[in-house]
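Listed here are the chains, written in short residue letters.
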Amino acid sequence: MKQDPTPSKTPQARALLAGPRTAMAPALRMLLISVDGRRGLGELQRIARSLGLGDQALEELRRDGLIGLAPERSTEPAPSGGDALRRLVKAKMFALDLAARMLGGRDADLRASARQVDSETSFLRWMDDAAACIEAAADPERARLFRERVAAAAAD
C-alpha cells in the first residue's frame, strides 16, 4: 500500500519560525508548525482547510522553500511532549472564551462538545463546528476572524 508523501520543514522554515511571529499570516504559520515529517499530505490538507486555508497552502509553502516532500511516512509514533499538550489546552481555552464572546453567551453546545477535545485532530474538528456556529450567528467574516485569532494564539 502506497502512503501519502510526507512533508517536512526545511532549515529555512525553522529559521522563519524562530523569528518574529509576524513574519507570516497566523493560519499559515500554524499550518507550517503542523508539518512535522509524520503527517501525510492528506492530513495536512485537512488541517489547512480547518484553518481556513485552501489546498494550495501546502503548495505555497513548498514553492517558498519552507517544506520538502519525503516519499513515505515515518512509522515512528509522534512525540507526546508536554509542550504540544500545553499549546493545545491554551488554544482550546482561548477558543472557548472567544466563541462565547462572539456568540453572546449562546455557546452551551460548543462548550459541551469541547469536553471531548483531546487531540489536535479533534480540536481542529471542533474549530470547524465553532466557526460554522459563529458564521450562522453572525457572518463569514466573523468566523474567519475567529479562526485567525485562535491560530495566532495557538502559535504563541
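Look a little higher up for the structure.
How each quantity is defined
Residue positions within a chain follow its written sequence, with the count starting from 1. With the structure being a predicted model, the display of local features is reserved for residues of pLDDT at least 70 and the display and counting of side-chain atom pairs for 80 or more, all residues being used for whole-chain, interface and lining totals. To get the side-chain values, all heavy atoms of the structure are used, and hydrogens and water are removed first. Surface patches are drawn from residues lacking salt bridges whose relative accessible area is over 30%; two like charges belong together within 9 Å, two nonpolar side chains (Val, Leu, Ile, Met, Phe, Trp, Tyr) within 5 Å. Values of accessible area rely on a 1.4 Å probe in the Shrake-Rupley scheme; residue burial ignores everything except the protein chains shown. Any carboxyl oxygen of Asp or Glu within 4 Å of a side-chain nitrogen of Lys or Arg constitutes a salt bridge here. Each helix is a run of H or I in the DSSP string that is no shorter than four residues. Each strand is a run of E no shorter than two, and both are numbered from the N terminus. A 1.4 Å probe rolled over the protein chains alone gives each residue an accessible area, and that area as a share of the maximum for its type sets the label: buried under 20%, exposed over 50%, partly exposed in between. Structural elements are reduced to axes, namely lines fitted to C-alpha atoms, with helices fitted over the stretch in contact, and the angle between N-to-C directions of any two is expressed from 0 to 180 degrees. Orientation labels follow simple angle bins: below 35 degrees gives roughly parallel, above 145 gives roughly antiparallel, 65 to 115 gives roughly perpendicular, and whatever is left gives oblique. By definition, turning the near helix anticlockwise from the far helix through less than a right angle yields a left-handed crossing, and turning it clockwise yields a right-handed one. Every residue pair with non-hydrogen atoms within 4.5 Å of one another is taken to be in contact.

Peer 1: Account for a nonpolar patch on the surface, naming residues and giving values.
Peer 2: Residues L85, V89 and M93 make up a contiguous nonpolar surface patch of roughly 290 Å² in combined accessible area. Relative to the elements of secondary structure, V89 occurs in helix α5 (residues 82-102).

Peer 1: Got a sec to walk through the environment of L103? Specific residues and values, please.
Peer 2: Relative to the helices and strands, L103 resides in the loop between α5 and α6 (108-114). On the basis of relative accessible area, L103 is assigned to the buried category, the value being 4%. When the C-alpha positions of L103 and A130 are compared, they lie 9.7 Å apart, and in sequence the two are 27 residues distant.

Peer 1: Got a sec to walk through the packing of helix α1 (residues 11-18) against helix α2 (residues 26-34)? Specific residues and values, please.
Peer 2: α2 packs onto α1 with a crossing angle of 130° between their chain directions and a minimal axis gap of 11 Å. As summarised for this structure, α1 and α2 are arranged oblique, according to the angle between their axes. For the element pair α1 and α2, the recorded crossing hand is left-handed. Together, A13, L16 and L17 of α1 and R29, L32 and I33 of α2 make up the contact between the two elements.

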